[in-house]
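Here is what each chain is made of, one letter per residue.
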Amino acid sequence: MNTQVRSDRVLLNHYLAGDQSAISQLIERHSRRVRDYIRMMVKDRDVAEDIFQETFIKAVRVIDEGRYVDSGKFLSWILRIAHNQVIDYFRARKQDKSVTESDAGFDVLGTLRFAEPTVEDRIVCEQVACDVRALVERLPEEQREVVRLRYYGNLSFKEIAEQTDVSINTALGRMRYALINLRRMIKEKNMVLS
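Residues numbered from 1 in each chain as written. Predicted model: local features only at pLDDT ≥ 70, side-chain atom pairs only at ≥ 80, totals over all residues. Heavy atoms only, no water.

Draft legend 1. Just the overall build of the protein chain, in detail. From N to C terminus, the protein chain includes nine helices and zero strands. Traced from its N-terminal end to its C-terminal end, the protein chain shows the element sequence α-α-α-α-α-α-α-α-α. In the protein chain, which comprises 194 residues, the proportion classed as buried is 28%. Contacts spanning at least 24 positions in sequence make up 51% of the contacts within the protein chain whose residues lie at least 6 apart. By element, 52% of the accessible surface of the protein chain is carried by carbon and sulfur atoms, the whole surface being about 13700 Å². (Helix = DSSP H or I, 4+ residues; strand = E, 2+ residues; numbered from the N terminus. Buried < 20%, exposed > 50% of the residue type's maximum accessible area, 1.4 Å probe, protein only. Contact = heavy atoms within 4.5 Å. Areas by Shrake-Rupley, 256 points an atom, 1.4 Å probe, with all protein chains shown as cover.)

Structure representation (structure tokens):
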């Protein structure tokens, strides 16, 4: 049996027996992995920290209520809770459709904005799109393929993984490195994409 699994189980048993420090040790052991996963999904450090806290609060609550069944896979279980918390966050954000004056078409002075984009707006958008395509072309082939399939082909990461014959984690990793490389190139060229 894996030593890590045994240690998780031992810590859980100590916690259930009344040792409060055991749960802290268990959380500390897995905090980096859980935090990194959440940050990768939400891309916002503050939101990720909130979700991280909620994840472990929920986990401790389930353990305290006696609903946790120890199958030797504590990390998988806690990552599943984190994943569900991330999904809940995005659902809540999607349902939060509050409309500001600006969103409704009025600026600070209360004047109606023009609904049609100007010629200048279209030219700027076309130039930004052209610049981004040029940067994507400079990526390594595997990263370029994932970006094209995701943003230009509107495929999910599962579909990308199936089409490129790699795991979902590999597809996600390639996208991550592609975005890192794109940010680096944008910074090196002092580009403003707005």
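Draft legend 2. Spotlight on the pattern of salt bridges. Evaluation of the coordinates by the stated rule reveals nine salt bridges. With a closest N to O distance of 3.0 Å, Glu49 and Arg35 form a salt bridge. With Glu49 in helix α3 (residues 45-64) and Arg35 in helix α2 (residues 20-42), the pair connects residues that are 14 residues apart, well separated along the chain. Judged by relative accessible area, which is 21%, Arg35 ranks as partly exposed. Arg91 is the partner of Asp88 in a salt bridge, and the nearest nitrogen-oxygen pair spans 3.7 Å. (Salt bridge = Lys/Arg side-chain N within 4 Å of Asp/Glu carboxyl O.)

Draft legend 3. Examining the nonpolar core more closely. Val34, Ile38, Ile63, Phe74, Trp77 and Ile78 are the most contacted members of the largest nonpolar core, which totals 26 residues. At the level of secondary structure, the elements contributing two or more residues to this core comprise α1 (3-16), α2, α3 and α4 (74-95). In terms of residues, this core owes the most to one element, α3, which gives nine residues. Once residues lying within four places of it in the same chain are set aside, the contact partners of Ile78 are Val34, Thr55, Phe56 and Ala59. Counting residues in each nonpolar core, the second largest holds 15 residues, with Leu135, Leu139, Met175 and Met185 among its members. (Core = buried A, V, L, I, M, F, W, Y, C linked by side-chain atoms within 4.5 Å.)

Draft legend 4. A look at the environment of Leu139. With respect to the helices and strands, the residue Leu139 is situated in the loop between α6 (119-137) and α7 (141-152). Linking Leu139 and Tyr177, residues 38 residues apart in sequence, is a C-alpha distance of 9.5 Å. Excluding its chain neighbours within four sequence positions, the residues that come into contact with Leu139 are Arg144, Val147, Ala178, Asn181, Leu182 and Met185.

Draft legend 5. Structural detail: the layout of surface pockets. The calculated volume of the largest pocket comes to roughly 1100 Å³. Among the secondary structure elements, those contributing two or more residues to the lining of the largest pocket are α2, α4, α7 and α9 (168-188). Residue composition of the lining of the largest pocket, grouped by class: eleven nonpolar, three polar and eight charged. Looking at the second largest pocket, its volume works out to about 180 Å³. What lines the second largest pocket is a set of eleven residues, among which Val132, Val136, Tyr151, Leu179 and Leu182 lie closest to the centre. Among the secondary structure elements, those contributing two or more residues to the lining of the second largest pocket are α6, α7 and α9. Of all the elements, α9 adds the most residues to the lining of the second largest pocket, at four residues. (1 Å grid on protein atoms, 1.4 Å probe; cavity = no way out; pocket = protein on both sides within 12 Å on 5 of 7 lines; lining within 4 Å. Points joined across faces, edges and corners; volume = space filled by probe spheres on them. Nonpolar A, V, L, I, M, F, W, Y, C, P; charged D, E, K, R; others polar.)

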